[in-house]
Amino acid sequence: MKDILLSHSLYLADDPATSVPQPGRAAPGALADAVNLVLGIAGWAGTAAGVAGIIITGAMMAVSMKRGEGSEHLSRLGMVLGGCVLVSTAGPTIAFVFN
């Protein structure tokens with residue numbers, strides 16, 4: 001039975017209609033351009049969200065200090081800054097892993 005399957009698979013390997021295509025590592029030009037555009041927009045949006053988050057957190061901290069409340073907003077600021085670090089290091093990290 002094993003010999004029959006082996007000979008059948010060798011027969012199919014010789015047939016160009018049933019051979020498996022082997023794509024290259026590089027993406028097609030149009031796809032690479034579209035993906036780079038989307039990633040660029042996502043990176044810009046992440047940076048803008050980080051800046052807006054820092055501004056909003058700073059404003060909330062100022063209002064809280066004016067009211068005499070505690071500084072519980074420092075943890076929120078830490079989360080925003082952590083998100084900014086994550087967004088800014090995402091591209092270089094992926095480039096390091098896959099290159």
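Predicted model, so just to flag it, every value in this text is computed and none were measured. (Residues numbered from 1 in each chain as written. Predicted model: local features only at pLDDT ≥ 70, side-chain atom pairs only at ≥ 80, totals over all residues. Heavy atoms only, no water.)

*Asks:* Mind showing me how you'd approach the overall build of the protein chain here?
*Replies:* Scanning the protein chain from N- to C-terminus turns up three helices and zero strands. Order of helices (α) and strands (β) in the protein chain, N terminus to C terminus: α-α-α. Across the 99 residues in the protein chain, those meeting the buried criterion constitute 6%. Accessible area for the protein chain stands at about 8,200 Å²; split by element, carbon and sulfur atoms hold 73% of it. (Helix = DSSP H or I, 4+ residues; strand = E, 2+ residues; numbered from the N terminus. Buried < 20%, exposed > 50% of the residue type's maximum accessible area, 1.4 Å probe, protein only. Areas by Shrake-Rupley, 256 points an atom, 1.4 Å probe, with all protein chains shown as cover.)

*Asks:* Would you mind going over the packing of helix α2 (residues 29–67) against helix α3 (residues 73–98) with me for this structure?
*Replies:* In helix packing, the relevant descriptors are the interaxial angle and the interaxial distance, both defined with respect to the helix axes. Axis separation between α2 and α3 bottoms out at 9 Å; the angle between their running directions is 165°. By the angle between their directions, the pair α2 and α3 is classed as roughly antiparallel. Note on packing geometry: the crossing formed by α2 with α3 is left-handed. Contact with α2, carried on its side by Gly43, Gly46, Thr47, Gly50, Gly53, Ile54, Thr57, Met60, Met61 and Ser64, involves His73, Leu74, Arg76, Leu77, Val80, Leu81, Cys84 and Val87 of α3 and no other residues of that element. For the contact of α2 with α3, a count of residues per class yields nine nonpolar, eight polar and one charged. (Axes fitted to C-alpha atoms, helices over the stretch in contact; angles between N-to-C directions. Parallel < 35°, antiparallel > 145°, perpendicular 65-115°, else oblique. Left-handed = near helix turned anticlockwise from the far one by under 90°. Contact = heavy atoms within 4.5 Å. Nonpolar A, V, L, I, M, F, W, Y, C, P; charged D, E, K, R; others polar.)

*Asks:* Just checking my understanding: could you explain the side chain of threonine 57 for this structure?
*Replies:* Locating threonine 57 in the fold gives a position in helix α2. Every residue in contact with threonine 57, bar those within four places of it in the chain, is listed here: His73, Arg76, Leu77 and Val80.

*Asks:* Can you walk me through α2 in this structure?
*Replies:* One turn of the α-helix equals 3.6 residues, which is why residues spaced by three or four share an orientation. Along its 39 residues, α2 runs 57 Å from first to last C-alpha, staying within 8% of the 57 Å computed at 1.5 Å per residue. Along α2, the residues that are buried comprise Gly50, Gly53, Thr57 and Ser64. Where the residues of α2 are buried, they touch α3. Backbone geometry just downstream of α2 places glycine 68 in the positive-phi region, at approximately 90°. (Expected span 1.5 Å × (residues − 1).)

*Asks:* Is there a simple way to think about the confidence of the model for the protein chain in this case?
*Replies:* Interpreting fine coordinate detail is not advised for predicted regions of low pLDDT. When pLDDT is averaged along the protein chain, the result is 79, and 80% of the positions lie at 70 or above. Per-element averaging of pLDDT across the protein chain places helix α1 (residues 2–14) at the bottom with 54 and α2 at the top with 87. (pLDDT = per-residue confidence, 0-100.)

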